[in-house]
Amino acid sequence: MTKLTSAQMIVRYLINEKIPYVLGIFGHGNIQLGEALKEQEDKIKFIQVKHELNAVNIAISYAKITGKPLAVTSSVGPGTTNLVTGAAAARVNRLPVLLLPGDVFAGRTGEVLQQIEGNHVSDEMASDTLKPVSKYWFRLTRPDQICQELPRAFEAMLEPGDQGPATICLPMDAQAEAFDYDMDTLLKQRDEKWERITPDQRAIKRAVTAIHKSKRPIIIAGGGVKYSQAWKELRDLAYFLCAPVVHTHAGNGAMLWDDALNAYTIGPDGSLCGNNLAEKADLVIGIGTRYMDFTTQSETLFGRGTQFININICGFDLGKERAIKLWGDAKCGLRMLLKELAGPDSSFSIKKRYWQKHQEYFEEISHERKKWQKIVEQVTLEECYPMTQARVIGILNDLADRKAVVVSAAGSLPGHLLRFWKNIDPSHQAYHSEYGYSTMGYEIPGGIGVKLADSSRNVYVLIGDASFLMQPQEIVTAVQEKIVITILIVDNHGPQVIRNLQKGTGFQEFGNEFRFRDANEKLEGEYLPIDFVKIAQGMGAKGIFADTPETLERALEEAKNNIDGPTVIHVKVEPGRKFPPGYNSWWDVPRPEISDRKEMKKQLKEYRKIKAKKQTIR
C-alpha cells in the first residue's frame, strides 16, 4: 500500500499505461495535477499548449496515426469549456483521448473563481458541457474512486469501433486528497489486446449472393480500412471483383494513386471518375465508412435500386443504407469474403486476373481514370498570377518525398487535397484530414501531433488564412518544443469556399472575404493587408513569402533545411475565382422559400427538383 494524492496516483497510472505526453495549460483548478507531473517529469513529458482546444487536436492527430491516446488537462471554468470542440471532434472521428479537466470543489466549500452558479441545479458544473461529447464521463469526488474509474476510462475510450474521449473531472480538493493505494492491483498490467472481431458466416454468404448478382460493383474505402490496416485485403477484393475503389477523407490513401482500380473519391469533393462510376453502380461495398453527406452526395449519388454491403466494426454504422451487415473488423471481414468468393480454391491470387472476365467494365474504369488524371494534370499545372490553390498542391506533389504527410481540416483545402494530392506512401499514411468535424484551426496542432507520432516524416500543414487566424498560437508550441513541420498558409483573402458556396447556390456573396468597409459602410472595400510572415516571425518561427511557383519551390527547399523548428510559408494564391468545378456533384444546401430575387427563385425550383428526383433516404 502506498499513500498518494489522487493527482499523484493518476500520473503513476498514466506512466504505467505508457502515455508519453500530457498536454494542457495549468490554472488554479489543476495545479495539483501539475505538481504531480513535475514530480515525475523524467518519466512523462508535459507539453504546454497555448489553447486547450489545440491540446485535444494534437491528441486526436496522434491517435489517428498510432491508435493510442494522449492525456489532456485544463483548469476549471473556461479551460474546461475550451475542451468541448476538441472532444466533439474526437467523438465524431471515433478517436481516443483522455481528458482531465479541473473542477470546482467536491466538498462544496463555497463558490470559487470561474464557477457558474445561480441558474443550474447544484450538481451542474462547467465540466458537464463535456458529457454530450464524451464516450465516458465521471467526476471524481473521492481519491479511492480512481481505482475503478481510470481502468474503465481506458477500456471505454479504446473500444474498437466506438473509440472516443474519456473524461475524468478532477475537483481541486479531490486532486489534493490522499489515499492508501494498492499499487500491485492498480498498476497490474491491463489486458491491452482487443482481438479482431469476425463477421458471422451467414452474413458472409448473404453478401456473396448479392455480389454474384451484381455487374457493376464499387467499393468505398473508409477510415476503417486504414485503422484495420486492411489495404492488401482491400486490393485483393477489388481485383477479384474488378471493382473500382473510391475513398472517403478518412480512408484516402488506402489504395495508392497509380493503382489501376483506384477511382479516387466521390461526392462534393469527388473526382469526375469516381462520381461517374458511382452513379451507375448496382452494388456498393462500404468498408469502415459512416456514409456522411460528403460520401453519399447528400443521398443523391446512388440509385434507388442499389444494393449495399457494409463491413464495419461499429454497430451504429453497420445498417446504414439498409445494407447487408458484416459486423466485424475490416481485415477479417475482407478475408472471409474473399475466401467464400474463391470457393474451394481458397489460395487464389490476384494474378489469376479474375477481373478479366469483366473486361468491358475494366476498360470503362481505365477510361474514366485516364480522363481524371488528365484533368488533375491540367488543374495542378495551370499558370496564372496569383497561383491557384490547386497549383500549390501540384508543386507539393512534385517536391515532397513519398513518406511526406499533408495535414488539413477545414475550408476548400481538404476537398482540393482529396482530389489532387497523390498518395504514393506504401504505409498509406500520407493523407491526414480531420473532416469528420472539420474544425477550423485543427491544422497546426494536427501537424504537431503527426510529428510527435512519427518524427521520421516530413509534415506539411496546409491551412487557409481564415482557419489560421482562428488558431495560430501553437506555432509558439512548435518553436518551444523544436518540432519541425512546414506550415503553408494558403492566403486567398478569407473563407472563399463559403463565398463560392453562396455564389454557386444562388445566394448573394456576403460576409466572407477579408475586406475593409467601403464608403457605403459595406464589407466590400480593399482586401486586408495581413502579413503572415511577420506573424510567424513574431512567434519565433521561420517565415517565408511565396507568390509564384518558383518562389514556392525555393521556400519548400529552404524549409527542408530548417531542422530547428517550424517553417511558415505565406503562400499568396488566386482568391477563389478559379476553384475547380463540382465534377458532377451535388450537396444539400436548402434555399429560402421566400425571396424577391429571380436567381434564388430559379435555384429553389432546381433544388426541389433534384431532391424529389434523386435523393433517396434509405
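Residues numbered from 1 in each chain as written. Predicted model: local features only at pLDDT ≥ 70, side-chain atom pairs only at ≥ 80, totals over all residues. Heavy atoms only, no water.

(A) The overall build of the chain, seen in detail. Counting its regular elements, the chain contains 25 helices and 20 strands. Split into buried and exposed, the 618 residues of the chain put 58% on the buried side. For the chain, the proportion of contacts with a sequence separation of at least 24, taken over those separated by at least 6, is 76%. In the form shown here, the chain has an accessible surface area of approximately 26,300 Å², with 52% of it arising from carbon and sulfur atoms. Side chains of the chain give 79 positive and 76 negative charges; the mean places of these two sets differ by 8 Å. (Helix = DSSP H or I, 4+ residues; strand = E, 2+ residues; numbered from the N terminus. Buried < 20%, exposed > 50% of the residue type's maximum accessible area, 1.4 Å probe, protein only. Contact = heavy atoms within 4.5 Å. Areas by Shrake-Rupley, 256 points an atom, 1.4 Å probe, with all protein chains shown as cover. Lys, Arg positive; Asp, Glu negative; His and termini not counted. Charge placed at Lys NZ, Arg CZ, Asp CG, Glu CD.)

(B) Layout of the packing of aromatic side chains. Using the criterion set out here, one finds 13 aromatic pairs in the structure. Aromatic side chains Y21 and Y62 sit 6.5 Å apart centroid to centroid with 85° between the ring planes, which places their arrangement in the edge-to-face category. Placement of the pair is Y21 in strand β2 (residues 21-24) and Y62 in helix α3 (residues 52-66), with a sequence separation of 41 residues. Accessibility assignment for this pair places Y21 and Y62 in one class, buried. A centroid spacing of 5.9 Å and a plane angle of 80° characterise the contact between Y291 and F308, whose relative ring orientation is edge-to-face. In this pair, Y291 is assigned in the loop between β12 (283-287) and α13 (293-296) and F308 in strand β13 (residues 307-312), connecting sequence segments 17 residues apart. Taking the relative accessible area as the measure of exposure, Y291 reaches 6% and is therefore buried. Pairwise contacts between aromatic rings join Y291, F302 and F308 into one cluster. (Phe/Tyr/Trp six-rings, centres within 6.5 Å; stacked < 30°, edge-to-face > 60°.)

(C) How the structure looks around the pairing of strand β19 (residues 542-546). In terms of strand pairing, β19 meets strand β20 (residues 567-572) through five bridges, oriented parallel. Counted as the bridge partner of I544 is I569 from β20. After leaving β19, the chain enters helix α24 (residues 549-560) and then returns to the sheet as β20, a path that is right-handed. (Pairing = 2+ DSSP bridges. Right-handed = clockwise from strand over helix to strand, strands pointing away.)

(D) The arrangement of the side chain of E434 in detail. Within the element layout of this structure, E434 appears in the loop between β16 (431-433) and α19 (443-453). Within the buried set, E434 has no salt-bridge partner at all; the shortest N-O distance to an opposite charge, 6.8 Å, is to K64. A distance of 3.2 Å separates a polar atom in the side chain of E434 from the backbone nitrogen of G436. Apart from the residues within four sequence positions on either side, E434 is in contact with A89, N93, S408, A409, T439 and Y442. (Salt bridge = Lys/Arg side-chain N within 4 Å of Asp/Glu carboxyl O. Polar contact = N/O pair within 3.5 Å; in protein donor to acceptor, adjacent residues only side chain to side chain.)

(E) A look at the pattern of salt bridges. According to the stated counting rule, one finds 40 salt bridges in the structure shown. R618 serves as the salt-bridge partner of E299, at 3.9 Å between the closest nitrogen and oxygen. Within this pair, whereas E299 is found in the loop between α13 and β13, its partner R618 is found in the segment after α25 (598-614), the two being separated by 319 residues in sequence. Owing to a relative accessible area of 18%, E299 belongs among the buried residues under this scheme.

(F) Spatial organisation of the environment of L261. Position of L261 among the secondary structure elements: in the loop between β10 (245-247) and β11 (262-265). For L261, a relative accessible area of 0% corresponds to the buried category. Taking the C-alpha atoms as reference, L261 lies 23 Å from D329; in sequence the two are 68 residues apart. Excluding residues within four positions of it along the chain, L261 makes contact with A238, Y239, C242, A243, P244, V245, M255, F362 and I365.

(G) Inspection of the layout of surface pockets at higher detail. Estimates place the volume of the second largest pocket at around 1,200 Å³. Forming the walls of the second largest pocket are 50 residues, and the residues nearest its centre are P268, F294, V497, L501 and W587. Mapped onto the lining of the second largest pocket, the elements with two or more residues apiece are α13, α18 (413-420), α20 (465-470), α22 (496-504) and α25. Residue contributions to the lining of the second largest pocket peak at six residues, all from α22. Of the residues belonging to the lining of the second largest pocket, the class tally is 21 nonpolar, 21 polar and eight charged. (1 Å grid on protein atoms, 1.4 Å probe; cavity = no way out; pocket = protein on both sides within 12 Å on 5 of 7 lines; lining within 4 Å. Points joined across faces, edges and corners; volume = space filled by probe spheres on them. Nonpolar A, V, L, I, M, F, W, Y, C, P; charged D, E, K, R; others polar.)

(H) Highlighting the packing of α3 against α19. Where α3 meets α19, the closest approach of the two axes is 7 Å, and the angle between their N-to-C directions is 45°. Comparing the axis directions of α3 and α19 gives the class oblique. When the axes of α3 and α19 are compared, the crossing they make is right-handed. Contacts between α3 and α19 pair N54, N57, I58, S61, Y62, I65 and T66 from the former with P445, G446, I448, G449, V450, L452 and A453 from the latter. (Axes fitted to C-alpha atoms, helices over the stretch in contact; angles between N-to-C directions. Parallel < 35°, antiparallel > 145°, perpendicular 65-115°, else oblique. Left-handed = near helix turned anticlockwise from the far one by under 90°.)

(I) Representation of helix α2 (residues 31-39) within the structure. Of all the residues in α2, the buried ones are L33, G34, A36 and L37. End-on view of α2: buried residues confined to an arc of 160°, all on one side of the axis. (Arc of directions from axis to C-beta.)

Interpretation in functional terms is not warranted from these geometric data alone.
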